[in-house]
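Observations on the model geometry
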Number of protein chains: 2
Amino acid sequence: MGSAKALSYCSCQNHCNVLLLRPFASSLSRFLSSTSALDSPPAPPSMAPVLKCEYAVRGEIVTLAQALQEELKSKPGSHPFDEILYCNIGNPQSLGQQPITFFREVLALCDHPSILDKSETQGLFSARDKIGLPIEMIDNYKDSHDSLSEWKPSADAIERAWQILDQIPGRATGAYSHSQGIKGLRDTIAAGIEARDGFPADPNDIFLTDGASPAVHMMMQLLIRSEKDGILCPIPQYPLYSASIALHGGTLVPYYLDEATGWGLEVSELKKQLADTKSKGITPRAVVVINPGNPTGQVLAEDNQRGIVEFCKQEGLILLADEVYQENVYVPEKKFHSFKKVARSMGYGEKDISIVSFQSVSKGYYGECGKRGGYMEVTGFGPEIREQIYKVASVNLCSNISGQILASLVMSPPKVGDESYESYYAEKDGILSSLMRRAKTLEDAFNNLEGVTCNKAEGAMYLFPCIRLPEKAIKAAEAAKTAPDNFYCRRLLNATGIVFVPGSGFGQIPGTWHFRCTILPQEDKIPAVVSRLTEFHKSFMEEFRD
Amino acid sequence: MGSAKALSYCSCQNHCNVLLLRPFASSLSRFLSSTSALDSPPAPPSMAPVLKCEYAVRGEIVTLAQALQEELKSKPGSHPFDEILYCNIGNPQSLGQQPITFFREVLALCDHPSILDKSETQGLFSARDKIGLPIEMIDNYKDSHDSLSEWKPSADAIERAWQILDQIPGRATGAYSHSQGIKGLRDTIAAGIEARDGFPADPNDIFLTDGASPAVHMMMQLLIRSEKDGILCPIPQYPLYSASIALHGGTLVPYYLDEATGWGLEVSELKKQLADTKSKGITPRAVVVINPGNPTGQVLAEDNQRGIVEFCKQEGLILLADEVYQENVYVPEKKFHSFKKVARSMGYGEKDISIVSFQSVSKGYYGECGKRGGYMEVTGFGPEIREQIYKVASVNLCSNISGQILASLVMSPPKVGDESYESYYAEKDGILSSLMRRAKTLEDAFNNLEGVTCNKAEGAMYLFPCIRLPEKAIKAAEAAKTAPDNFYCRRLLNATGIVFVPGSGFGQIPGTWHFRCTILPQEDKIPAVVSRLTEFHKSFMEEFRD
């Protein structure tokens, strides 16, 4: 059942192979054994199958978009648009968002061995004057440079780099670290969580990972013992969860977010699905909550969070809190509150509830997807189970050190008074306020389209508008052997160069149609997105009006 | 059976949780369901079990070592030694090996956003003069620095950084890349493989990964359909393989390396084990070969490799070639030859044999374990199966970009005439020739010990000497409820502070005892290792002589 569920959401983020690998393995084994490497030497051998499987975020539509882009290059003017406008994936720097200077200064300083050399012989102060001019560079490069001089990043970047290097045994940024992550960096992250929540955090509860995805896989591996174990997931959802649950042979238990109340999470819906699950002999293990939401973009109200915490405590369910968009909140009336903070403010401690909070360096205002940094904070599990998590974390020895450093930086950015603070704040505010404007502009544009309704863009990086398609369009989609939302997105792309992801990639109430649009195109591109979309939608509705 | 096998090698690298998770899941499910989160709210919930499970490389012995280290700090003179000498793990930079300057210069330049800013407005040449002095640094830091000046890394490091940035769409080092890795970097790696082998390499066959381990997991996930699928693995072996096979529910088929012939890999042994496997109804899928060997340190002779290639071709088996130590060869009479090169030189092409070659930035002379970079080159699979591998590769979107860049650098280091070449070569040669001397010194030292024989240290980073323990010692180990090799290593540690890994962590012929010793302690520490070991061993043999 979990597999079936999972499969029905299998069209996004390339996770689908995972969805299909396991469910199909048994049913296909007969076919496979008859075509195994042994029976049909030599190559190519048969593999565990990854069959008919659509991508969405990087899928059919995106492949088509890339083909069109090539055609535009080779034959300018061959299409009614001059560029592809990618609104399909939460990958900010791929669309021109610049990294935060302070973070990259620290990473560069930590990477550069000259600092390590200096550190052997000199204290921070003198090193500041000599920074970037290692002995061996004088020796090796004297001849080739007439004037030798220094690189001067901000003083606090240098100081931070030193602090970080001092936290790494032997200052060895090129060494495997503790499998849980470098202790000093976990101290910094724990302090950042305390400052954010106003409640204590324990460095031993922090597990640094290559982005948030491996952390999610780790927890599923530990939680799921058989397909009789169920994980409650929101629908619509970020398909990593359906993928990971299928990968580890568990059962996805869907609960539906209420579009009518701004993608609200109703505890009554959780209770209904829980009862239904138990009646089927499935043991519910955990509840996944994505806040701010992906693909839905809502930010949960604090009292709503309290209800969810109370529900998990009563039912003894683990709360898996995807909080990677914690910095992405765009409306004054909403604030991000971590589920751990909410639980603690309700008086629930370690012994009362188990919460896992996932964080990533890929989102927020930093958007450092390529660095693959992130962490999970696991509370309420006790030492034995933390020990088990540690063992799972150790499978690949450790996460990459630059990602670990970056995770510590996003949880402890420059503070008022630091040399970098002003420029750091200007960069951060510039990105977030621009995202806020882009979200609002797109939200309004969608709501101005005939038959389209779009909830408020409260947070994250996405809008998930609902489109009521005319019967004629649905019939045309059937004739084209594709889903109506996919049909719409393909037509949109061919007419305008705009890339959306069909709602079926995330799951939606049967009979309803949606698409996901990121708010990430640079601000000067947004007017083009709006005008092209509006014009296309008009003609589409004209063409298919019943 | 696979599980059983796997379990018997389950005492190394913290992979054991993986080994145990699956095999135990079923047998423990009854126990677990009775203690599920639901039946015993609230926390802590039960987890998929990771039971009694020893570590070796980072295990019991290492934990003890860390405890002793703390005691030495708090109570100097509390032990008969003043420092712990770690010979347990292949983590060079943790023991003081310095990174290669050129590689880190390029990484730092790619991380630093000022380069990206410049690139918008200036070509390479002018940027070279202005490098490291971004506009915003002038604006932000004018006040805080009296003199503004420049950082000047080597010209070829700057040029390489530019080449790399130009290969990254939008120069966005902070963006998710193609899930297979950045195309331009794969081009560079393919060119490096061609230069190494003298045979063509296809960038589309390269999959960049966070170190070699994820690549191994990926292939096992694809190859193993059920426990009826067998993977031939050397014994002794690097436990990643037993771990990964168990993780994916397959069967490990052991073949024994012949210690008497310098850990030779006899094709007759492969044939014997293959026949035995088939008779048990297991379908052999692939053969794992580690060359140079871990933990055994041998380098395969080319004719031996030819025999293995011929065997795989005849039997239609996939050759999984762990070639991460390809730069670590210490004897003039042996050279590293990739299995693909050997196959091609035999006239076998894409259609004749399937080979996967694993490479990592963690080993070689670079030893950049913390960067988590690596790749696999998959040949002889055909487009459909490469498509499947791509989908599996996409599960976590992409590997970290710094690791990807580093993987391209180790496959295309500075060349004669480049500004960095001399210093690069000096650093590389310094590390490799020192490793060669350390290996020889330790090899001789082991062979001078009563009852110890050690094969030639031909390559990799390890020695795996055999120790014939007196009956008395074996009885004493039994009394201490531990394996004899573990007993010896623990005594060694307590007496000398030297950390070895018991052979049982890698697998050994029943009744024989070994330990693995890395050659990585810095050269000035080696004499201490030798003298302390020699002294300890004498007294140990005195104490237990039959």
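The written sequence of each chain sets the order in which its residues are numbered from 1. As they are written, the chains are lettered A onward and the ligands numbered 1 onward, keeping that order. Selection of residues for local features in this predicted model requires a pLDDT of at least 70, selection of side-chain atom pairs for listing and counting requires 80 or more, and totals for whole chains, interfaces and linings are taken over all residues. Hydrogen atoms and water are omitted, and side-chain values are computed over all heavy atoms in the structure.

**Overview of the overall build of chain A**
- Looking only at helices and strands, chain A has 20 helices and 14 strands in total.
- A buried classification covers 65% of the 546 residues belonging to chain A.
- The contact definition used throughout considers only heavy atoms, calling two residues in contact when any of these lie within 4.5 Å. A fraction of 73% describes how many contacts in chain A between residues 6 or more apart in sequence connect residues 24 or more apart.
- Each accessible area is a Shrake-Rupley estimate made with a 1.4 Å probe; only the visible protein chains count as cover when residues are assessed. Counting every atom, chain A has about 18300 Å² of accessible surface; 55% of that belongs to carbon and sulfur. Every helix listed is a DSSP run of H or I at least four residues long, and every strand listed is a run of E at least two residues long, numbered separately from the N terminus. Burial classes: relative accessible area under 20% of the type maximum marks a residue as buried, over 50% as exposed, and values in between as partly exposed (1.4 Å probe, protein chains only).

**Details of the sheet that holds strand β6 (residues 318–322) of chain A**
Residues and elements named next belong to chain A.
- Spatially, β2-β8-β7-β6-β5-β3-β4 is the arrangement adopted by the 7 strands of the open sheet, whose pairing is mixed. At either margin of the open sheet sits one strand with a lone partner, and together these are β2 (206–209) and β4 (251–256). Across the sheet, the mean angle from the axis of one strand to that of its neighbour is 20°, orientation sign disregarded.
- At least two bridges found by DSSP between two strands are what make those strands a pair. Across 6 bridges, the pairing between strand β3 (residues 229–235) and β4 is parallel. Bridging from a neighbouring strand, Ile231 pairs with Leu252 of β4.
- Against the sheet, helix α15 (residues 382–393) engages β2 and β8 (374–379), with an angle of about 10° to β2. Between the N-to-C directions of two axes lies an angle of 0 to 180 degrees, each axis being a line fitted to C-alpha atoms and, for a helix, fitted only over the stretch in contact.

**A look at the pattern of salt bridges**
- Salt bridge, as used here: a side-chain nitrogen of Lys or Arg that lies within 4 Å of a carboxyl oxygen of Asp or Glu. Following the criterion strictly, the structure yields 54 salt bridges over all chains and no others.
- Across the pair Arg225 of chain A and Asp229 of chain A runs a salt bridge whose closest N-O atoms are separated by 2.5 Å. Pair check on accessibility: Arg225 of chain A and Asp229 of chain A agree, each one buried.
- For Arg545 of chain B, the salt bridge identified is with Glu450 of chain B, shortest N-O distance 2.5 Å. Taken as a pair, Arg545 of chain B in the segment after α20 (526–544) and Glu450 of chain B in the loop between α17 (421–447) and β9 (452–453) lie far apart in primary sequence, 95 residues in all.
- Connected through salt bridges with shared partners, the residues Arg225, Asp229 and Arg285 of chain A form a single ionic network.

**Observations regarding unusual backbone geometry**
- In this structure, Pro236 of chain B follows Ile235 of chain B across a cis peptide bond, with omega equal to 0°.
- Structurally, Pro236 of chain B can be placed in the loop between β3 (229–235) and α11 (240–247).
- Despite not being glycine, Ala460 of chain A shows a phi value in the positive range, around 60°.
- Counting through the fold element by element, Ala460 of chain A comes out in the loop between β9 (452–453) and β10 (462–463).
- Despite not being glycine, Arg171 of chain B shows a phi value in the positive range, around 55°.
- Examined against the element boundaries, Arg171 of chain B turns out to sit in the loop between α8 (155–167) and α9 (183–197).

**Some words on the sheet that holds strand β4 (residues 251–256) of chain B**
All names here are of chain B.
- Taken together, the 7 strands give an open sheet; going across it, the order is β2-β8-β7-β6-β5-β3-β4, and neighbouring strands pair in mixed fashion. Only two strands of the sheet have a single neighbouring strand rather than two, namely β2 (206–209) and β4. For this sheet, the mean inter-axis angle between neighbouring strands, taken without regard to orientation, is 20°.
- For β3 and strand β5 (residues 283–290), the ladder comprises 4 bridges, and the chain directions are parallel. The residue of β5 that forms the bridge with Ile231 is Ala286.

**Considering the state of the cysteines**
Residues and elements named next belong to chain B.
- Disulfides are defined in this document as cysteine sulfur pairs within 2.5 Å. Inspection of the entire model under this criterion finds 0 disulfides over all chains.
- Left unpaired, Cys87 is separated from the closest cysteine sulfur, that of Cys517, by 4.4 Å.
- Classification of Cys87 as buried rests on a relative accessible area of 1%.
- For the unlinked cysteine Cys312, the closest cysteine sulfur is that of Cys233, found at 12 Å.

**Some details on the environment of Leu72 of chain B**
Residue and element names in this part refer to chain B.
- Turning to its location among the elements, Leu72 is positioned in helix α3 (residues 60–74).
- It is 32 Å that separates the C-alpha atoms of Leu72 and Pro470, two residues lying 398 residues apart in sequence.
- Filtering out sequence-adjacent residues up to four positions away, Leu72 remains in contact with Ser78, His79, Phe81, Asp82, Glu83 and Ile84.

**As for the packing of helix α18 (residues 471–479) of chain A against helix α20 (residues 526–544) of chain A**
Residue and element names in this part refer to chain A.
- The interhelical angle for the contact between α18 and α20, taken along N-to-C directions, is 85°, at an axis separation of 7 Å. With respect to α20, the element α18 is oriented roughly perpendicular. Residues Lys472, Ala473 and Ala476 of α18 pack against Phe540, Glu543 and Phe544 of α20.
- Here the term charged refers only to Asp, Glu, Lys and Arg, the term nonpolar to Ala, Val, Leu, Ile, Met, Phe, Trp, Tyr, Cys and Pro, and the term polar to all other amino acids, Gly among them. Broken down by class, the residue content of the contact of α18 with α20 amounts to 4 nonpolar, no polar and 2 charged. Note that the term roughly parallel is reserved for angles under 35 degrees, roughly antiparallel for angles over 145, roughly perpendicular for angles of 65 to 115, and oblique for everything else.

**Re the side chain of Asn328 of chain B**
All names here are of chain B.
- Secondary-structure assignment places Asn328 in the loop between β6 (318–322) and α14 (339–345).
- Polar contact is defined as a pair of N or O atoms within 3.5 Å, subject to the rule that within protein one atom must be able to donate a hydrogen and the other to accept it, and that residues adjacent in sequence are counted only when both atoms are side-chain atoms. Within the local environment of Asn328, its side chain forms a polar contact with the backbone nitrogen of Gly364, the two atoms lying 2.9 Å apart.
- Once residues within four sequence positions are removed from consideration, Asn328 is found in contact with Pro292, Lys363, Gly364, Tyr365, Leu432, Leu435, Glu458, Gly459, Ala460 and Met461.

**Focus on the side chain of Gln404 of chain A**
Residue and element names in this part refer to chain A.
- By the element assignment, Gln404 lies in helix α16 (residues 401–410).
- Given the relative accessible area of 1%, Gln404 is considered buried.
- At a separation of 2.9 Å, a polar atom in the side chain of Gln404 contacts the main-chain amide nitrogen of Ile182.
- If we ignore the near neighbours within four places in the chain, the residues touching Gln404 are Ser177, Gly181, Ile182, Leu185, Leu208, Cys398 and Ser399.

**Let's talk about α9 of chain B**
All names here are of chain B.
- Counted at 1.5 Å a residue, the expected span for α9 with its 15 residues is 21 Å, and the 21 Å between its end C-alpha atoms agrees.
- Those residues of α9 that fall on the buried side of the exposure criterion are Gly184, Leu185, Arg186, Ile189, Ala190, Gly192, Ile193 and Asp197.
- Where α9 is buried, its residues meet α8, β2, α14, β8 (374–379) and α16 (401–410).
- At the exit of α9 stands Gly198, carrying a positive phi of roughly 80°. Here the expected span of a helix is defined as 1.5 Å times the quantity of residues minus one.

**Digging into the packing of α9 of chain B against α16 of chain B**
All names here are of chain B.
- As a packed pair, α9 and α16 sit with axes 8 Å apart at the nearest point and diverge in direction by 25°. Regarding the angle of α9 to α16, the classification is roughly parallel. Judged by the twist between their axes, the crossing of α9 over α16 is left-handed. Counted together, Leu185, Thr188 and Ile189 of α9 and Gln404, Ile405, Ala407 and Ser408 of α16 form the full contact between these two elements. Note: crossing handedness is left-handed where the near helix turns anticlockwise from the far helix by less than a right angle, and right-handed where it turns clockwise.

**What about the pairing of β6 of chain B?**
Residues and elements named next belong to chain B.
- Burial analysis of β6 places 5 of its 5 residues in the buried class, which makes it a mostly covered element.
- Of the two faces of β6, the one carrying Ile318, Leu320 and Asp322 and the one carrying Leu319 and Ala321 are both buried.
- Pairing between β5 and β6: 5 bridges, direction parallel. Across the sheet, the residue bridging to Val287 is Leu319, located in β6.
- Taken together, β5, helix α13 (residues 302–315) and β6 form a β-α-β motif whose crossover is right-handed. With the strands pointing away from the viewer, any crossover whose connection runs clockwise from the first strand over the helix to the second is right-handed.

**Thoughts on the UniProt feature "domain: Aminotransferase class I/classII large" (unreviewed entry) in chain A**
- Per the UniProt annotation, the sites labelled "domain: Aminotransferase class I/classII large" (unreviewed entry) are residues 168–530 of chain A.
- In residues 168–530 of chain A, the share of helix is 40% and the share of strand is 15%. The end C-alpha atoms are 49 Å apart. UniProt positions are given in the numbering used here, feature names are shortened, and annotations may be inferred rather than shown by experiment.

**Topic: empty space enclosed by the protein**
- Any residue with an atom within 4 Å of a point lines the site, the site being either a cavity, points on a 1 Å grid over the protein atoms alone where a 1.4 Å probe fits but cannot get out, or a pocket, an open set with protein on both sides within 12 Å along at least 5 of 7 lines. Grid points are joined across faces, edges and corners, and a volume is the space filled by probe spheres set on the points. According to the stated counting rule, one finds 12 cavities of 30 Å³ or more in the structure shown.
- By volume, the largest cavity is sized at about 940 Å³.
- Surrounding the largest cavity, 37 residues form its lining, Pro214 and Asn396 of chain A together with Pro214, His217 and Asn396 of chain B being those nearest its centre.
- Contributions of two or more residues to the lining of the largest cavity are made by α2 (16–33), β2, α10 (212–223) and α15 of chain A together with β2, α10 (212–223) and α15 (382–393) of chain B.
- A per-class count over the lining of the largest cavity returns 17 nonpolar, 14 polar and 6 charged.

**Things to note about the pairing of β2 of chain B**
Residue and element names in this part refer to chain B.
- Judged by which residues are buried, β2 turns out to be covered on both faces: Ile206 and Leu208 on one side and Phe207 and Thr209 on the other are all buried.
- With 4 bridges connecting them, β2 and β8 associate as antiparallel partners. When the bridges of β8 are listed, Ile206 appears paired with Glu377.

**Some points on the environment of Ser345 of chain B**
Residue and element names in this part refer to chain B.
- As for its position among the elements, Ser345 is in helix α14.
- Residue class for Ser345 comes out partly exposed when judged on its relative accessible area of 41%.
- Along the chain, Ser345 and Arg306 lie 39 residues apart, while their C-alpha atoms are 9.3 Å from each other.

**Some thoughts on the packing of aromatic side chains**
- For Phe, Tyr and Trp, rings pair up if their centres lie within 6.5 Å, where Trp contributes its six-membered ring, and each pair is then called stacked (planes under 30 degrees apart), edge-to-face (over 60) or tilted (otherwise). Under the counting rule described, the total for this entry stands at 42 aromatic pairs over all chains.
- Here Tyr488 of chain B and Phe540 of chain B contribute two aromatic rings whose centre-to-centre distance is 5.0 Å and whose plane-to-plane angle is 75°, an arrangement assigned as edge-to-face. Taken together, the positions of Tyr488 of chain B in helix α19 (residues 484–496) and Phe540 of chain B in helix α20 put the pair 52 residues apart, joining distant regions of the chain. Exposure class is identical for Tyr488 of chain B and Phe540 of chain B. Each is buried.
- Grouping aromatic residues by their ring pairs yields a cluster made of Phe446, Phe487, Tyr488, Phe500, Phe515, Phe536, Phe540 and Phe544 of chain A.

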